[in-house]
Amino acid sequence: MTFLKGPKMAVIWTVLRVWLGVQWLQAGINKVGVFDATGFLHGTIAKSQGENAIVKGWYATFVEQFALPNVELFNVLIPWGEVLVGIGLILGAATIPALLAAAFMNLNFLLAGTISTNPILYTAAMILLFAGAASYFYGVDRFAVKYIKEKMNAKKATNKKDVKPAPVH
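Residues numbered from 1 in each chain as written. Predicted model: local features only at pLDDT ≥ 70, side-chain atom pairs only at ≥ 80, totals over all residues. Heavy atoms only, no water.

### Some points on the overall build of the chain
- Scanning the chain for helices and strands turns up seven helices and zero strands.
- Each helix (α) and strand (β) of the chain, taken in turn from the N terminus, gives the series α-α-α-α-α-α-α.
- Relative to the 2.2 N^0.38 estimate, which gives 15 Å for 169 residues, the radius of gyration of the chain is 21 Å and therefore markedly larger than a compact globule would have.
- A buried classification covers 34% of the 169 residues belonging to the chain.
- Considering only residue pairs separated by 6 or more positions, the chain has 74% of its internal contacts joining residues 24 or more positions apart.
- Computing the positive centroid from 15 side-chain charges and the negative centroid from 8, the chain places the two 20 Å apart. (Helix = DSSP H or I, 4+ residues; strand = E, 2+ residues; numbered from the N terminus. Rg over C-alpha atoms; globule rule 2.2 N^0.38 Å. Buried < 20%, exposed > 50% of the residue type's maximum accessible area, 1.4 Å probe, protein only. Contact = heavy atoms within 4.5 Å. Lys, Arg positive; Asp, Glu negative; His and termini not counted. Charge placed at Lys NZ, Arg CZ, Asp CG, Glu CD.)

### Here we look at the packing of helix 2 (residues 38-46) against helix 3 (residues 57-67)
- It is the contact of helix 2 with helix 3, at a shortest axis distance of 8 Å, that shows an interaxial angle of 145°. In the crossing of helix 2 with helix 3, the sense of the turn from one axis to the other is left-handed. Along its contact with helix 2, which presents Leu-41, Thr-44 and Ile-45, the element helix 3 presents Tyr-59, Ala-60, Val-63, Glu-64 and Ala-67.
- Classifying every residue of the contact of helix 2 with helix 3 gives six nonpolar, one polar and one charged. (Axes fitted to C-alpha atoms, helices over the stretch in contact; angles between N-to-C directions. Left-handed = near helix turned anticlockwise from the far one by under 90°. Nonpolar A, V, L, I, M, F, W, Y, C, P; charged D, E, K, R; others polar.)

### Details of the packing of helix 1 (residues 7-29) against helix 5 (residues 95-111)
- Where helix 1 contacts helix 5, the axes come no closer than 12 Å and their chain directions differ by 55°. As far as their axial angle goes, helix 5 and helix 1 are oblique. Relative to helix 5, helix 1 is oriented so that their crossing is left-handed. Here helix 1 contributes Arg-17, Leu-20 and Trp-24 to the contact with helix 5, which in turn contributes Thr-95, Leu-99, Ala-102, Met-105, Asn-106 and Phe-109.
- Looking at the contact of helix 1 with helix 5 residue by residue, the class counts come to six nonpolar, two polar and one charged. (Parallel < 35°, antiparallel > 145°, perpendicular 65-115°, else oblique.)

### Focus: helix 1
- With 23 residues, helix 1 should reach 33 Å at 1.5 Å per residue; the first-to-last C-alpha distance of 32 Å fits that figure.
- Elements that come into contact with the buried residues of helix 1 comprise helix 4 (71-91), helix 5 and helix 6 (118-131). (Expected span 1.5 Å × (residues − 1).)

### Let's talk about the pattern of salt bridges
- Counted under the stated rule, the structure contains one salt bridge.
- Put simply, Glu-82 and Lys-31 hold a salt bridge, and the shortest N to O gap is 3.0 Å. Separated by 51 residues along the polypeptide, Glu-82 in helix 4 and Lys-31 in the loop between helix 1 and helix 2 bring together distant segments of the chain.
- By relative accessible area, Glu-82 is classed as buried at 2%.
- What makes Lys-31 partly exposed here is its relative accessible area of 24%. (Salt bridge = Lys/Arg side-chain N within 4 Å of Asp/Glu carboxyl O.)

### Describing the nonpolar core
- The biggest cluster of nonpolar side chains holds 31 residues, and the ones touching the most others in it are Leu-20, Trp-24, Leu-41 and Leu-89.
- Listed by contribution, the elements that provide at least two residues to this core are helix 1, helix 2, helix 3, helix 4, helix 5 and helix 6.
- Sorting elements by how many residues they give to this core places helix 5 first, with six residues.
- The contacts of Leu-89, once residues within four sequence positions are left out, are Arg-17, Val-18, Leu-20, Gly-21, Trp-24, Thr-95, Ala-98 and Leu-99. (Core = buried A, V, L, I, M, F, W, Y, C linked by side-chain atoms within 4.5 Å.)

### Some thoughts on the side chain of Thr-95
- For Thr-95, the location among the structural elements is in helix 5.
- When residues no more than four places from it in sequence are discounted, the contact partners of Thr-95 are Arg-17, Gly-88, Leu-89, Ser-135, Tyr-136 and Asp-141.

### A short note on the environment of Val-11
- Residue placement: Val-11 occurs in helix 1.
- For Val-11, a relative accessible area of 44% gives the class partly exposed.
- Separated by 124 residues in the primary sequence, Val-11 and Ser-135 have C-alpha atoms spaced 8.6 Å apart.

Following this line, the structure appears as structure tokens:
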């Protein structure tokens, strides 16, 4: 299975990652500054009612007790989250956190009873998470992660040299 994480397969993961990033960027860019989740949240609560409810009661309670009272926060977090996830995925920068955020948003949209493209986007994010470092082999993280690790290792080495042994009595 190591061939799935090699440089040749990384081309495929890069295409999938960039495609996913474009989807997120397009979803969020026109929402910044104008998005209002109030109607969506009320719709989520309504989908939890009746015999064939598609939203679980616990999630509707979360929406009613937490999301609706804090809708102004969600009106900022959702569009900016979508835009930042999109940019991160397109550039391959902070790829793993961006994929986790993408999967988390898709999961919440699915729990809210919205199908649309969410299953496809969620699946793409999960595949890329399983691809691991191959998902950003052709991206900013390929160099940024290496640089950060080198700096952290250098700092650890410096800290070890600075520690003086306790005097022996």
